[in-house]
Structures are given as C-alpha cells and as structure tokens.
Amino acid sequence: MNRTTRRFAPRRRALRPVRPRRRALARLVAVYILVVGCLFAGLRLADGALAAQQDERPAAQTAGQEAEARKTGYDGPSSAGDWNLVLINRDNPLPEGYEVTTAPLAGGQAVDDRCLADLQAMMDDCRAAGLEPVICSSYRTQDKQQELFDEQVRILESRGLSEGEARAKAGTSVALPGTSEHQLGLAVDIVDARNQLLDSSQESMPVQQWLMANSWSYGFVLRYPSDKSDVTGIIYEPWHYRYVGKPAAREMHEAGLCLEEYRALVSGS
Ligand SMILES: [Zn+2]
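Keep in mind that what you see is a predicted model, and the values were worked out from it rather than measured.

Conventions we followed
- Residues numbered from 1 in each chain as written.
- Predicted model: local features only at pLDDT ≥ 70, side-chain atom pairs only at ≥ 80, totals over all residues.
- Heavy atoms only, no water.
- Salt bridge = Lys/Arg side-chain N within 4 Å of Asp/Glu carboxyl O.
- Donors = N, O, S within 2.8 Å, 3.2 Å for Na, K, Ca; no water.
- Tetrahedral: all angles 85-135°; square planar, octahedral: opposite > 155°, others 65-115°.
- Helix = DSSP H or I, 4+ residues; strand = E, 2+ residues; numbered from the N terminus.
- Buried < 20%, exposed > 50% of the residue type's maximum accessible area, 1.4 Å probe, protein only.
- Pairing = 2+ DSSP bridges.
- Axes fitted to C-alpha atoms, helices over the stretch in contact; angles between N-to-C directions.
- Arc of directions from axis to C-beta.
- Contact = heavy atoms within 4.5 Å.
- Polar contact = N/O pair within 3.5 Å; in protein donor to acceptor, adjacent residues only side chain to side chain.
- Phe/Tyr/Trp six-rings, centres within 6.5 Å; stacked < 30°, edge-to-face > 60°.

Draft legend 1. The arrangement of the pattern of salt bridges in detail. What the rule picks out here adds up to ten salt bridges. The network of salt bridges with common partners includes E181, R223, R242 and E260.

Draft legend 2. Quick peek at the coordination of the zinc ion. For the zinc ion, the full set of protein donor atoms is H182 (NE2), D189 (OD), D189 (OD) and H240 (ND1), and the range of their distances to it is 2.0 to 2.8 Å. One can describe the donor arrangement at the zinc ion as irregular, given that its four donor atoms subtend angles of 52 to 155° at the metal. Each donor residue of the zinc ion belongs to the same chain, and together they define the spacing H-x6-D-x50-H. Of this pair, D189 sits in strand 4 (residues 187-192) while H240 sits in strand 6 (residues 240-243), and the two are 51 residues apart along the sequence. Look at H240 and you get buried, because its relative accessible area is 3%.

Draft legend 3. Fine view of the sheet that holds strand 4. Reading across the sheet, the four strands line up as 3-4-6-5 and stay open at both edges, with antiparallel pairing between neighbours. Only two strands of the sheet have a single partner each, and these edge strands are strand 3 (133-137) and strand 5 (220-222). Neighbour-to-neighbour, the strand axes of the sheet open up by a mean angle of 40°, direction not taken into account. Here three bridges tie strand 4 to strand 6, and the two strands are oriented antiparallel to one another. When the bridges of strand 6 are listed, V188 appears paired with Y241.

Draft legend 4. Layout of helix 9 (residues 259-266). Those residues of helix 9 lying buried are L259, E260 and Y262. Burial along helix 9 is one-sided: seen end-on, the buried residues are contained in an arc of 165°.

Draft legend 5. Local environment of the environment of L161. Tracing the backbone through its elements, the reader meets L161 in the loop between helix 4 (142-158) and helix 5 (163-170). Taking the relative accessible area as the measure of exposure, L161 reaches 26% and is therefore partly exposed. Apart from the residues within four sequence positions on either side, L161 is in contact with L156, A166 and K169.

Draft legend 6. Structural context of the side chain of D112. By the element assignment, D112 lies in strand 2 (residues 110-112). Separated by 2.8 Å, the side chains of D112 and R114 make a polar contact. Residues contacting D112, with those up to four places away along its chain left out, are V100, T101, T102, L184, G185 and L186.

Draft legend 7. Spatial organisation of the packing of aromatic side chains. Under the criterion given, the structure shown has three aromatic pairs. With 6.0 Å between their ring centres and 35° between their planes, W210 and Y218 make a pair best called tilted. The pair formed by W210 and Y218 is uniform in burial state, with each residue classed as buried. The interplanar angle of 65° and the centroid separation of 5.0 Å between the aromatic rings of F220 and Y243 together place this pair among those described as edge-to-face. Of this pair, F220 sits in strand 5 while Y243 sits in strand 6; the two residues are 23 residues apart in sequence, bridging distant segments of the chain. In this structure F220 comes out as buried when scored by relative accessible area, which is 1%. Accessibility expressed as a relative area gives 0% for Y243, which makes it buried.

Remember that the coordinates give geometry; whether it matters functionally is a separate question.
This is the structure we're talking about:
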C-alpha cells in the first residue's frame, strides 16, 4: 500500500456502507411516492365517482319530475313560461315550430297527451254523474283552423257583411289560424249530447253546469267566460275548456281570473 493508496483507502472504506443506505433510502422514497401516488389516485377516483353520482342524481330527479309533470300537469309553482300556461290569442300566435304530441280520443278527436289522463278522469266522472258530455272539437291543425275560419267568413258575408267586416267578426268566434288554442291540443269543446249547438244555450245544460262547477279540479278552466270577453277578445263560449294544470286551474277558479289575467299575475307584470 503506497501513500496514495493509504490516503484514499479510508475514504473508499467509508463509502462502502453508504451505497446500500442510499439504495435503501431511494427505495423508501420510491415506495413512499408510489403509496402517496396510489392514495391520491384513489381519492381522485372516489371523487370522480361521487361527482358522477351527484351529476346523475339531479338528472334522474329532473327526469322524474318531467314524467310527473307530463302525467299531472304540475311541475311546481306556476310560472308564465310553463307549457300548460302557454297563451295563444289574437296578440300571441302559436310559437313558430310548436310541436304537439297528440293522443287520440274516440270520434277522431285528439289532445296533447299531457292532458289526456285528466281529461279522461273529468269525462268519466261527468258520465258517472249521469250526464252525457260530448267532445265536439279538440286538437286542430293549421289547415283545419283555416278551413273553419274561412267558413265563418263566408257565412257572415252571406248575411251582408263586407269581407273586411266578416273577417273581423269571424275572429271573435273562430280564432284566426295560428291564434287558436285548439292548435295547442290543450283545448276541448264539450257540449251536452242533448244540445250540441255552440251558443249561449249551452250554459243551462246539465253537462255545462257540472263542468263549470268541477272542471277546475281536473286542471281545466272555462276559457272564455261571459265577463272576460274584453280581455280575451273572444265571445262567451260556455263549451270551450282549456287545460292549464290543476294548481293553476284551482287558483284561477278561486280568484275568478282568465288565463290572460292569471299569467300577468304569476309573471308579476
Ligand atoms: Zn273551442
């Protein structure tokens, strides 16, 4: 062993035990990183699963609420934007592209399927009371409404009215195409089998008496009452019932409001 060897020898001896310690330390650090990494990844996965569950929960509730709303017409406190409160009149035509999913009724009639169950219940109970209600008009297409309007104009012209006068007057009893609630599928004309004339004589018929007293509890309202013609723009029609859903129908019935007034109330305007 020369001098140089002697000088370095202790250092080499001293280094020998250090290497395994470093390796051990490196392994320990690697294991630590691995464990912490796994724990972190596990937490992230758990978070993700929880977030996914939370994301799904409101969606499932919304779907359930929608199904319930479709069944009962009730989806919470009334708002002027609710589907069952859509306002169609001379100033508010049918929204462009408005689509109706209809359900067929006997006699070739049809309604928006969202009001079918309540309409069926109302008709069943009216019949159970010993009466004979007849639905003589329900969902109408634009073409059908046009046909009815043109026919009314012809009738009035044949009575001596000018075309302009006939069209203006026709609009008070047969809504202009595009402004009829019948195009929504949420309106039905119901008459008494013993009197099927669409005039004020309907109001004294037992079917109308029953409907005027009870329709609100099925979500329907007499849409054009005698004292609201100046608001609705439509003559008294003691046969035209509009589905608005049970909560709104009850409130309108109790407060004596027509749809225009009720919507103004719930929208705060
Ligand atoms: Zn009608």
